[in-house]
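So the chains spell out like this:
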Amino acid sequence: MFEKSLNAYSHAKKVIPAGVNSPVRAFKGLKGTPPFIQKGKGAYLFDIDGNKYLDFVQSWGPLIFGHCNKDIEEEVIKTVKLGLSFGAPTLLETQLANEIISMYDYIDKLRFVSSGTEAVMSAIRLARGVTNKNDIVKFEGCYHGHSDSLLVKAGSGLATFGSPSSAGVPSDLIKHTLLCEYNNIKNLKQCFEDSHDIACIIIEPIAGNMGLIPASHEFLKACRELCDKNNALLIFDEVMSGFRASLRGASGIIDVKADIITFGKVIGAGMPVGAFASSSKIMNHLSPDGSVYQAGTLSGNPVAMSAGLASLKKLKSIDNIYENLNQKALRLVNGLKKVANKYNISLQINTRGSMFGFFFCKQEPKNFKDVGLCDFEAFAIFHHEMLKKGYYFACSQYEAGFISSVITNDMIDNCIKDASLVMLQIQGMQNAK
Ligand SMILES: *Cc1c(COP(=O)(O)O)cnc(C)c1O
């Protein structure tokens, strides 16, 4: 039943490294190989073998209205017919900037780029340019795209100079990246004692790249206070959580203000868009008015802008949309936990708005190291068996899952019913250990 995908995968591997254009798609560490997708429709994905899946990945977050939403599609088609790109200002850019900025009382300006990676990379350059300092603080397990200085792996858990987690990144380039443990205030304070050259803290206030692990309120408050005390800037990387956790991302849930916010994913509704935003005072440091250089040939691309604009307008027009999405997220993870517990399997769960996460482990993970203690074999069975039953979950325990507005309670209830049999299999595996 995966014949065509298997064949397509072997062809792809000949011309594309590992057959994929982003590593996580290769299903490494899991059973099986990735289905090749033919199309999406509403809550479902269809692969080239004709299998149908309920989609909990949604292109890793962007598609909050599911696939082929009519309102978004219509706007995009209208824009496409006027030309794909001009490399000159259009009205759409100002409109989308306004839609995003209007959610925050402390954000005045924003600049668009074409990916989350670019947004974060630019935000960090801006923070360094504004503060005239070099070091950046990053947390273990937070992902901020694949730019050199952010590809730093785990240290000892104490404030430490990180080492690169990718070949091809000179250690000279990451000597200014200080690595700290997520949700560990003591560790962070130590970091500010060790270095007096910290330009910024970059954090996912709701981490979605080590499973779903929200930062505690106290931790984010400590980030804010340490930045204020040390003339450093606080960057919230909301590329994933922006317009996903709430209309104001993490800021809609937690009362801590960042200096710079980065966006991506939902603001492009499936088209390549990123953005970084801040006060006028900070943003005016950008070229051509200021001395921090930043540019992009396709930045603010009209087709991408129209997709994002239609999506954000729609999000704002629907009352209680995030509450409803969260209720469905809770229905799903609570249901999964219940069937897991029935078979004596420990499952830890989290939700924030339309984001959800679950971990096969005994205690709720608070940081990257905790996630490493989870049962990865159990997850691999869950993923593979659920895929065979028509459920497309993120292919790693280190990824968050997403509810789209077109996923119904019935779909979720069926999913939980089908998961019951899979949990029985996992129990067999865990007991045999
Ligand atoms: C996805 C993601 C990025 C990178 O965005 P790309 O568009 O893949 O470059 C950066 N930060 C966070 C928090 C993300 O989830």
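Just so we're clear, the structure is a prediction, and the values are computed from it rather than from any experiment.

**Q** Would you mind showing me how to read the site of the ligand here?
**A** Ser115, Gly116, Thr117, Tyr143, His144, Gly145, Glu204, Asn209, Asp237, Val239, Met240 and Lys265 make up every residue found near the ligand. Separating an oxygen atom of the ligand from a side-chain N or O atom of Thr117 is a distance of 2.6 Å. Taking Lys265, its side chain carries an N or O atom lying 2.7 Å from an oxygen atom of the ligand. Alone, the ligand offers 380 Å² of accessible surface; in the complex the protein occludes 82% of this. Its residues assigned to classes, the shell around the ligand comprises three nonpolar, six polar and three charged.

**Q** I'm lost on the environment of Gly61 in this one. Help?
**A** Among the structural elements, Gly61 can be located in the loop between strand S3 (52–55) and helix H2 (70–80). A relative accessible area of 1% means that Gly61 is categorised as buried. For the pair Gly61 and Arg244, spaced 183 residues apart in sequence, the C-alpha separation works out to 7.8 Å. Ignoring any residue separated from it by four or fewer positions in sequence, one finds Gly61 in contact with Arg244, Val266 and Phe402.

**Q** Any chance you could explain the sheet that holds S3 here in plain terms?
**A** Working definition: the strands of a sheet are paired by backbone hydrogen bonds and lie parallel or antiparallel to each other. Across the sheet, four strands lie side by side as S1-S2-S3-S16; this open sheet has mixed pairing. The sheet is open, and its two edges are formed by strand S1 (37–41) and strand S16 (391–392), each paired on a single side.

**Q** Can you walk me through the packing of aromatic side chains in this structure?
**A** Taken as a whole, this structure holds 20 aromatic pairs when the rule is applied. On the numbers, 5.9 Å between centres and 80° between planes, the contact of Tyr104 with Tyr106 is edge-to-face. Here the two residues Tyr104 and Tyr106 agree in accessibility, since each one is buried. By the ring-pair criterion, three or more aromatic residues cluster together here, those being Phe56, Phe356, Phe358, Phe360, Phe379, Phe382 and Phe393. One Lys or Arg, Lys39, reaches over the ring of Phe46 and ends 5.1 Å from the middle of that ring. Seen from the ring of Phe65, Lys314 lies directly overhead, with NZ or CZ sitting 5.2 Å from the centre.

**Q** Before we go on, may I ask you to explain helix H8 (residues 302–317) in this structure?
**A** Owing to its 3.6 residues per turn, the α-helix brings residues three or four apart onto one side. Given a rise of 1.5 Å per residue, 16 residues ought to cover 22 Å, and the 22 Å separating the end C-alpha atoms of H8 matches this to within 8%. In terms of residue burial, H8 counts as a mostly covered element, since 13 of its 16 residues are buried.

**Q** Would you explain the side chain of Glu385 in this entry?
**A** Inspection of the secondary structure puts Glu385 in helix H11 (residues 376–388). Residue classification places Glu385 among the buried positions, given a relative accessible area of 14%. If we ignore the near neighbours within four places in the chain, the residues touching Glu385 are Val422 and Gln425.

**Q** Help me understand unusual backbone geometry, please; the structure alone is not making it clear to me.
**A** The bulk of non-glycine residues show a negative phi, and the bulk of peptide bonds are trans. The omega torsion of the bond from Ser287 to Pro288 falls at 10°, within 30 degrees of zero and hence cis. Assignment of secondary structure puts Pro288 in the loop between helix H7 (280–283) and H8. Of note in the backbone geometry, Phe27 takes a positive phi value of approximately 60° without being a glycine. Turning to its location among the elements, Phe27 is positioned in the loop between helix H1 (3–15) and S1. You will see that Phe243, though not glycine, has its phi angle at about 60°, which is positive. You can see Phe243 is positioned in the loop between strand S11 (233–237) and strand S12 (260–263).

**Q** Looking at this structure, how should I read the packing of helix H9 (residues 321–342) against helix H12 (residues 409–432)?
**A** Helix packing for two helices is described by the angle between their axes and how far apart those axes are. Where H9 meets H12, the closest approach of the two axes is 9 Å, and the angle between their N-to-C directions is 20°. Between H9 and H12, the crossing angle belongs to the class labelled roughly parallel. In this structure, H9 crosses over H12, and the sense of that crossing is right-handed. Contacts between H9 and H12 pair Lys328, Arg331, Leu332, Gly335, Leu336, Val339, Ala340 and Lys342 from the former with Asn409, Ile412, Asp413, Cys415, Ile416, Ala419, Ser420 and Met423 from the latter. Looking at the contact of H9 with H12 residue by residue, the class counts come to nine nonpolar, three polar and four charged.

**Q** Whenever I open this one, the domain arrangement of the protein chain confuses me. Can you help?
**A** Interface size is commonly expressed as the accessible area that is lost once the parts come together. Segmentation of the protein chain into domains returns domain 1 (3–68 + 319–432) and domain 2 (70–317). The distance between the C-alpha centroids of domain 1 and domain 2 comes to 26 Å. Taken residue by residue, the interface counts 32 residues in domain 1 and 32 residues in domain 2. Carbon and sulfur atoms supply 62% of the area that domain 1 and domain 2 bury against each other, a total of about 2700 Å² over both sides. If you sort the residues of domain 1 by the area they bury against domain 2, Phe65, Tyr322 and Arg352 come out on top, with a joint share of 24%. Remark: the boundary between domain 1 and domain 2 carries one salt bridge.

**Q** I would appreciate a short explanation of the sheet that holds strand S15 (residues 355–359) in the present structure.
**A** What the three strands build is an open sheet, ordered S14-S15-S17; its pairing is antiparallel. Strand pairing shows two members of the sheet lacking a second neighbour, strand S14 (348–352) and strand S17 (401–402), which therefore form its edges. The sheet contact formed by S15 and S17 spans two bridges and is antiparallel. Bridge pairing in S17 places Phe356 opposite Gly401. Lying on the sheet, H9 is in contact with S14 and S15; it crosses S14 at an angle near 175°.

Parameters and conventions
- Counting of residues starts from 1 at the beginning of each chain's written sequence and follows it residue by residue.
- The predicted nature of this model means local features are confined to residues of pLDDT at least 70 and side-chain atom pairs, given and counted, to a pLDDT of 80 or more, with totals for whole chains, interfaces and linings taken over all residues.
- To obtain the side-chain values, all non-hydrogen atoms of the structure were used and water was disregarded.
- Each residue is tested against the molecule or strand, and it is near if at least one of its non-hydrogen atoms lies within 4 Å.
- Polar contact is defined as a pair of N or O atoms within 3.5 Å, subject to the rule that within protein one atom must be able to donate a hydrogen and the other to accept it, and that residues adjacent in sequence are counted only when both atoms are side-chain atoms.
- Only the protein chains shown count as covering a residue, and every accessible area follows the Shrake-Rupley method with a 1.4 Å probe.
- In the scheme used here, Gly and all other residues not listed as nonpolar or charged are polar, with Ala, Val, Leu, Ile, Met, Phe, Trp, Tyr, Cys and Pro taken as nonpolar and Asp, Glu, Lys and Arg as charged.
- Secondary structure counts use DSSP, requiring at least four H or I residues in a row for a helix and at least two E residues in a row for a strand, with both numbered from the N terminus.
- For every residue, the accessible area obtained with a 1.4 Å probe (protein chains only) is divided by the maximum for its type, and the residue is called buried under 20%, exposed over 50%, and partly exposed between those limits.
- Residue contacts follow a heavy-atom distance rule, with two residues in contact if any of their heavy atoms lie within 4.5 Å.
- By definition, two strands form a pair when at least two bridges between them are found by DSSP.
- Aromatic rings from Phe, Tyr and Trp, taking only the six-membered ring of Trp, are treated as a pair when their centres fall within 6.5 Å; an angle between ring planes under 30 degrees marks them as stacked, one over 60 as edge-to-face, and anything in between as tilted.
- Here, a charge over a ring means that NZ of Lys or CZ of Arg falls within 6 Å of the ring centre while also lying within 35 degrees of the ring normal.
- Helix span, as expected, comes to 1.5 Å for every residue beyond the first.
- In this analysis an axis means a line fitted to C-alpha atoms, helices contributing only their contacting stretch, and an angle means the value between N-to-C directions, from 0 to 180 degrees.
- We call two directions roughly parallel when the angle between them is under 35 degrees, roughly antiparallel when it is over 145, roughly perpendicular when it lies between 65 and 115, and oblique otherwise.
- Left-handed is the label given to a crossing in which the near helix is rotated counterclockwise from the far helix by less than a right angle, and right-handed is the label when the rotation is clockwise.
- Those domain boundaries reflect an automatic or database domain assignment.
- We define buried area as the total accessible area lost by two parts upon association, computed with a 1.4 Å probe and summed across both.
- Every case where a carboxyl oxygen of Asp or Glu lies within 4 Å of a side-chain nitrogen of Lys or Arg is listed as a salt bridge.

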